Amino acid sequence: MDHEGLFVKAFLRSEKQARWAQFLASAKRRREILDRLNHDLPYQAALATVIPSHQDFPVELERLLRAKGAGPTCHVMVAGLKLDGRELPLAEALQAICLQGSGAVLSCLPGRLAYYRPESPDAGILLERLPH
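Residues numbered from 1 in each chain as written. Predicted model: local features only at pLDDT ≥ 70, side-chain atom pairs only at ≥ 80, totals over all residues. Heavy atoms only, no water.

## Re the side chain of aspartate 56
Stage number 1. Mapped onto the elements, aspartate 56 comes out in the loop between β1 (48-50) and α4 (58-67).
Stage number 2. Once residues lying within four places of it in the same chain are set aside, the contact partners of aspartate 56 are Ile51, Leu61, Tyr115, Arg117, Ala123 and Gly124. (Helix = DSSP H or I, 4+ residues; strand = E, 2+ residues; numbered from the N terminus. Contact = heavy atoms within 4.5 Å.)

## Focus: the packing of aromatic side chains
Stage number 1. Considering all chains together, one arrives at 2 aromatic pairs under this definition.
Stage number 2. Measuring from ring centre to ring centre gives 5.5 Å for phenylalanine 7 and phenylalanine 11, while their planes differ by 50°; the resulting arrangement is tilted. Of the two residues, phenylalanine 7 and phenylalanine 11 both sit in helix α1 (residues 3-11), 4 residues apart, roughly one turn of that helix. There is no split in this pair, since phenylalanine 7 and phenylalanine 11 are both buried. (Phe/Tyr/Trp six-rings, centres within 6.5 Å; stacked < 30°, edge-to-face > 60°. Buried < 20%, exposed > 50% of the residue type's maximum accessible area, 1.4 Å probe, protein only.)

## Here we look at α4
Stage number 1. Within α4, burial applies to Pro58, Leu61, Leu64 and Leu65. Along the axis of α4, the buried residues cluster in a sector spanning 125°; they form a single face. Along α4, the residues that are exposed and aim more than 90 degrees away from the buried face are Val59, Arg63 and Ala67.
Stage number 2. One or two steps after α4, the chain reaches glycine 69, where phi turns positive at roughly 110°. (Arc of directions from axis to C-beta.)

## Considering the pairing of strand β5 (residues 113-117)
Stage number 1. For β5, a buried count of 5 out of 5 residues is recorded, marking the element as mostly surrounded by other parts of the structure.
Stage number 2. Of the two faces of β5, the one lined by Leu113, Tyr115 and Arg117 and the one lined by Ala114 and Tyr116 are each fully buried.
Stage number 3. As judged from the 5 bridges shared by strand β4 (residues 104-109) and β5, these two strands associate in the antiparallel manner. Residue pairing in the sheet places valine 105 in a bridge with tyrosine 116 of β5.
Stage number 4. Two successive antiparallel strands, β4 and β5, enclose a turn made up of 3 residues, where glycine 111 displays a positive phi of approximately 75°.
Stage number 5. Of the strand pairs in this sheet, β5 and strand β6 (residues 125-128) are connected by 4 bridges, and their pairing is antiparallel. Residue pairing for β6: leucine 113 is matched across the bridge by glutamate 128. (Pairing = 2+ DSSP bridges.)

## Thoughts on helix α5 (residues 90-99)
Stage number 1. Along α5, the positions that sit buried rather than exposed are Leu90, Ala93, Leu94, Ile97 and Cys98. Within α5, the buried residues cover an arc of 120° as seen down the axis, which keeps them to one side.
Stage number 2. Where the residues of α5 are buried, they touch α4, β2 (73-78), β3 (87-89), β4 and β5.

## With respect to the sheet that holds β6
Stage number 1. Strand order in the open sheet formed by 6 strands is β1-β6-β5-β4-β2-β3, with antiparallel pairing between adjacent strands. A single partner strand is all that each edge strand has here, and the edge strands are β1 and β3. Averaged over all pairs of adjacent strands, the angle between their axes in this sheet comes to 30°, without regard to strand direction. (Axes fitted to C-alpha atoms, helices over the stretch in contact; angles between N-to-C directions.)

Shape is all these values report; function is a separate question.
The structure is reproduced here in structure tokens:
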């Protein structure tokens, strides 16, 4: 399974998983579902940690994600940017999503570690599922 499929299965509430997986895989519906990243990602709250504002900057986020096991690249999900659906260096992806205003997800370890940044820059969210 790919980054996106594992992200949906690991971090989204069960009643939303099928729709999100279907829409992400559809060229016609992908944009529609990605627009929801702006304010309505149905993640499992038990797997989420709000990033303190003093750490919610690209350099600090990269340090935090690397400490949690992230590698040098990540998979990007974001509406309206050419970065969507691509593997990018982690530092470059963080810089890009922190500068733009749309919601985004960076999948760092498939199904285990991701960073969600809603449209409003109130606070980013670390999504983490520890291995069994």
